[in-house]
Amino acid sequence: MSRQRSIEKIMASEYVTIGELVRITASRYSTLKFYTEEGMLPFEQEEENLTRRYKREETVKRIEEIKRLKSEGKSIPQIKEILSNEKY
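Notes on the structure in this doc start here. All values derive from a computational prediction rather than experimental measurement. Throughout, a residue's number is its position along its own chain's written sequence, starting from 1. Two thresholds apply to this predicted model, a pLDDT of at least 70 for residue-level local features and 80 or more for giving and counting side-chain atom pairs, whereas whole-chain, interface and lining totals are computed over all residues. By convention in this description, side-chain values take in all heavy atoms of the structure and omit both hydrogens and water.

1. Some details on the pairing of strand β3 (residues 52-55)
Right, on to step 1. Looking at chain direction, strand β1 (residues 15-16) and β3 are connected through two bridges and run antiparallel. Within the sheet, the bridge partner assigned to V16 lies in β3 and is Y54.
Right, on to step 2. Where strand β2 (residues 44-45) and β3 come together, two bridges link them in antiparallel fashion. By the bridge assignment, Q45 is partnered in β3 with R52.
Right, on to step 3. Between any two strands, pairing holds if DSSP finds at least two bridges. Think of it this way: any DSSP run of H or I at least four residues long counts as a helix, any run of E at least two long counts as a strand, and we number them from the N terminus. Between β2 and β3, which follow one another and run antiparallel, lie six residues, and L50 among them has a positive phi close to 60°.

Here is the structure:
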């Protein structure tokens, strides 16, 4: 396994991995993977090694929005509908 980047380097990067999102958002890996598979977290895929890259600032904001909506009692289908109506 490769060495992890420091939080400082992660926070200075335009793109992050799902593992780095776990660290900076205090979310579970399985949760972020589910959100990605459900189309709730857009990503770009690197050609050479198929690593998913997420735009850090936009994705962190999206994760915070999903957490807020969940805390308000919204279901995943409701959250997906709300997110689909927002400009991302």
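Next comes the rest of the account.
2. Some details on the side chain of T59
Right, on to step 1. Structurally, the position occupied by T59 is in helix α4 (residues 56-71).
Right, on to step 2. Owing to a relative accessible area of 0%, T59 belongs among the buried residues under this scheme.
Right, on to step 3. Polar contact criterion, stated in full: a pair of N or O atoms within 3.5 Å, where within protein one must be able to donate a hydrogen and the other to accept it, and residues adjacent in sequence count only if both atoms are side-chain atoms. At a separation of 2.6 Å, a polar atom in the side chain of T59 contacts the main-chain carbonyl oxygen of K55. Note on exposure labels: buried denotes an accessible area under 20% of the residue type's maximum, exposed denotes more than 50%, and partly exposed covers the range between, all computed with a 1.4 Å probe on protein chains only.

3. Structural notes on the packing of helix α2 (residues 18-25) against helix α3 (residues 29-37)
Right, on to step 1. The axes are straight lines fitted to the C-alpha atoms, using for helices just the contacting stretch, and the angles between their N-to-C directions are given from 0 to 180°. Two elements in contact, α2 and α3, have axes whose closest approach is 9 Å; the angle formed by their N-to-C orientations is 120°. Between α2 and α3, the angle is such that the two are oblique. Of the two possible hands of crossing, α2 and α3 adopt the one that is right-handed. Note on element contacts: α3 touches α2 through Y29, L32, K33 and T36, opposite I18, L21, V22 and T25.
Right, on to step 2. Charged residues are taken to be Asp, Glu, Lys and Arg, nonpolar residues to be Ala, Val, Leu, Ile, Met, Phe, Trp, Tyr, Cys and Pro, and polar residues to be all remaining types, Gly included. Taken together, the residues that form the contact of α2 with α3 break down as five nonpolar, two polar and one charged. Comment on the angle field: the value is read as roughly parallel under 35 degrees, roughly antiparallel over 145, roughly perpendicular from 65 to 115, and oblique elsewhere. Definitions for this section: a left-handed crossing has its near helix turned counterclockwise from the far helix by less than a right angle. A right-handed crossing has that turn clockwise. Residue contacts follow a heavy-atom distance rule, with two residues in contact if any of their heavy atoms lie within 4.5 Å.

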